[in-house]
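# A look at the structure
What follows is the residue order along each chain.
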Amino acid sequence: MPSDIAARIEHVKARIRRAAEAVGRDPASVRLVAVAKTFPAEEVRRAAAAGATEVGENYIQEAREKFEALAGLGLTWHFIGHLQSNKARRAVRMFDLIHTVDSARLAAEIDRAAAKMGKRQEVLVQVNVAGEATKSGVAPEDAAALVRELTGMGAIRVRGLMTMPPFFDDPERARPFFAELRRIAERIRSLGLPGVAMDELSMGMTGDFEAAIAEGATLIRVGTAIFGGRA
Ligand SMILES: *Cc1c(COP(=O)(O)O)cnc(C)c1O
């Protein structure tokens, strides 16, 4: 892995290009979300100077410090952590896209907060494709029903789905889970729900994003390959 952040971002972008071209996709259809959890604002600033435009954060409190320090850089902010209902308001204030909606109750809090702020909050529904007890997300068979519920919430716009597959040393083994998320999104799209775009698939991290791109990822969430290992 190259040692400075600019070289690492270039390296990740080259990996994205190769993975997209290998399956006949336009590399520009894959957006790189630089996952900055545990890294300070100055590292994010360096990433932005090197061309990163989208930042992912897992924790509201940690994100707030960076959000305030980096206001004015024109970054797009993605919330990718587990969101508690009582933090919905703070999430709505900061984030352009919330990737981790997994219950109607959480969505209702987001909707209420967004309505108050006069904002239409874009969200993804997180799906626990593998049914792992340790992971958040709705069960695959419940995803369509949750999306349908969200269409009744006027201050929310559902853009697509997000998943985190089990960890494998061999990223090819994650690929069926990415393919399944794509199929779930296609099924929901075919329902023609009003205002539901279903055009975003958030899947793939440092170790497996090529496999995710091969299965249609439009947002990949990459931390380690950009910022280095986390303590
Ligand atoms: C930390 C995190 C990532 C980034 O993982 P890396 O392996 O460091 O690229 C992506 N998605 C989520 C939800 C995360 O919590």
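Let me sum up the structure you'll find in this document.

Cut-offs and rules
- Residue positions are counted from 1 within each chain, in the order its sequence is given.
- For a predicted model such as this one, the threshold for reporting local features is a pLDDT of at least 70, and the threshold for listing and counting side-chain atom pairs is 80 or more; totals across whole chains, interfaces and linings nevertheless cover every residue.
- Think of the side-chain values as coming from all heavy atoms in the structure, minus any hydrogens and water.
- A run of H or I in DSSP counts as a helix once it spans at least four residues, and a run of E counts as a strand once it spans at least two, with each numbered from the N terminus.
- Only the C-alpha atoms count toward the radius of gyration. The rule for a globule is 2.2 Å times the residue count to the power 0.38.
- A 1.4 Å probe rolled over the protein chains alone gives each residue an accessible area, and that area as a share of the maximum for its type sets the label: buried under 20%, exposed over 50%, partly exposed in between.
- Contacts: residue pairs with any heavy atoms within 4.5 Å of one another.
- By convention, a stacked pair of Phe, Tyr or Trp rings (six-membered ring in the case of Trp) has centres within 6.5 Å and planes under 30 degrees apart, an edge-to-face pair has planes over 60 apart, and any other such pair is tilted.
- N or O atoms closer than or at 3.5 Å make up a polar contact, with two conditions inside protein: a donor-capable atom paired with an acceptor-capable one, and, for residues adjacent in sequence, both atoms drawn from side chains.

## A look at the overall build of the protein chain
Assigned secondary structure in the protein chain consists of 9 helices and 8 strands. Its C-alpha atoms give the protein chain a radius of gyration of 17 Å, within 12% of the compact-globule value 17 Å for 231 residues. Taken over the C-alpha atoms alone, the protein chain extends approximately 45 × 40 × 30 Å along its principal axes. Of all 231 residues assigned to the protein chain, the portion counted as buried reaches 51%. Sequence separation of 24 or more characterises 61% of the internal contacts of the protein chain that already satisfy a separation of 6 or more.

## A short note on the packing of aromatic side chains
A complete count under the given rule lists 4 aromatic pairs for this structure. Seen in terms of ring centroids, Phe-39 and Phe-227 are 5.3 Å apart; in terms of plane orientation they differ by 20°. Their pairing is stacked. Of this pair, Phe-39 sits in the loop between strand E1 (31–35) and helix H2 (41–49) while Phe-227 sits in helix H9 (residues 224–227), placing them 188 residues apart in sequence. For Phe-227, a relative accessible area of 5% corresponds to the buried category.

## Some remarks on the side chain of Gln-121
Residue placement: Gln-121 occurs in strand E5 (residues 121–126). Only 2.9 Å separates the side chain of Gln-121 from the side chain of Lys-119, close enough to count as a polar contact. Sequence-distant contacts of Gln-121, defined by excluding residues within four places in its chain, comprise Val-92, Phe-95, Asp-96, Leu-97, Ile-98, Ile-110, Ala-114, Ala-155, Ile-156 and Arg-157.

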